[in-house]
Structure formats: C-alpha cells, structure tokens
Amino acid sequence: MRPALHIPGHFGEWLQGRLGAEGPVVLVTLPAPLLGLDLRYRPGPGLSLRGGGG
C-alpha cells in the first residue's frame, strides 16, 4: 500500500488588514505541519478515483 498523503494544517488568519493606508490587503497565517490531514486511498466497490496524479 502506498504511504498516506499528508496535507498540513494552519492556524487561520491571525492578522489581516491593509499594509498602509492605500496598500495591499495582507493576511498572516501560521503553518502547523504536524497538524493536518493524512489521506490514503483504498479502492472499494462502486468507488473510483480519476485524475489523482498517479
């Protein structure tokens, strides 16, 4: 069986706003690579995966 795919989590937007009065919108997000989703595909009856990248 192939190893699970890990999709890392994050702690949302801790800070958001404009960078200066007319500046771009800024979002500050903190990554949490140990928290997240582990995914493993196991075929079953009536279940198929297409375009999964192999």
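Residues numbered from 1 in each chain as written. Predicted model: local features only at pLDDT ≥ 70, side-chain atom pairs only at ≥ 80, totals over all residues. Heavy atoms only, no water.

### Notes on the overall build of the protein
Put simply, the rule reads: Here a strand is any run of E in DSSP of at least two residues, a helix any run of H or I of at least four, and the numbering for each starts at the N terminus. Partly exposed residues are those whose accessible area sits between 20% and 50% of the maximum for their type, while under 20% is buried and over 50% is exposed, using a 1.4 Å probe and protein chains only. The criterion used for residue contact is that any of the two residues' heavy atoms lie within 4.5 Å. Accessible surface is estimated by sampling points in the Shrake-Rupley manner with a 1.4 Å probe; for residues, cover comes only from the protein chains shown.
The number of helices and strands found in the protein is 0 helices and 2 strands. The proportion of buried residues among the 54 residues of the protein is 4%. A fraction of 48% describes how many contacts in the protein between residues 6 or more apart in sequence connect residues 24 or more apart. Of the roughly 5,100 Å² of accessible surface on the protein, 62% is carried by carbon and sulfur atoms.

### Re a nonpolar patch on the surface
Threshold: Each patch is built from residues that are more than 30% exposed by relative accessible area and take part in no salt bridge. Like charges join if they lie within 9 Å; nonpolar side chains (Val, Leu, Ile, Met, Phe, Trp, Tyr) join within 5 Å. The rule for a salt bridge is simple: a side-chain nitrogen of Lys or Arg has to be within 4 Å of a carboxyl oxygen of Asp or Glu.
A surface patch of nonpolar side chains, amounting to about 610 Å² of accessible area, comprises Phe-11, Trp-14, Leu-15, Val-28, Leu-30 and Leu-35. Structurally, the position occupied by Phe-11 is in strand β1 (residues 5–18). Given a relative accessible area of 43%, Phe-11 falls into the partly exposed group.

### Thoughts on the pairing of β1
Rule in force here: Pairing between two strands is assigned when DSSP locates at least 2 bridges connecting them.
By the bridge criterion, 11 bridges tie β1 to strand β2 (residues 25–39) in an arrangement that is antiparallel. If you follow His-6 over to β2, its bridge partner there is Asp-38. What sits between β1 and β2 in their antiparallel hairpin is a turn of 6 residues, with Gly-20 showing a positive phi close to 90°.

### A look at the environment of Phe-11
As a C-alpha pair, Phe-11 and Thr-29 span 18 residues in sequence and 6.2 Å in three-dimensional space. With residues near it in sequence (within four places) discarded, Phe-11 still touches Leu-30, Ala-32 and Leu-35.

### Overview of the packing of aromatic side chains
Note the threshold: Here the aromatic set is Phe, Tyr and Trp, taking the six-membered ring for Trp, and pairing holds for ring centres within 6.5 Å; pairs whose planes are under 30 degrees apart are stacked, those over 60 apart are edge-to-face, and all others are tilted.
Per the stated rule, a full pass over the model turns up 1 aromatic pair. With a centroid separation of 6.5 Å and 70° between ring planes, the pair formed by Phe-11 and Trp-14 is classed as edge-to-face.

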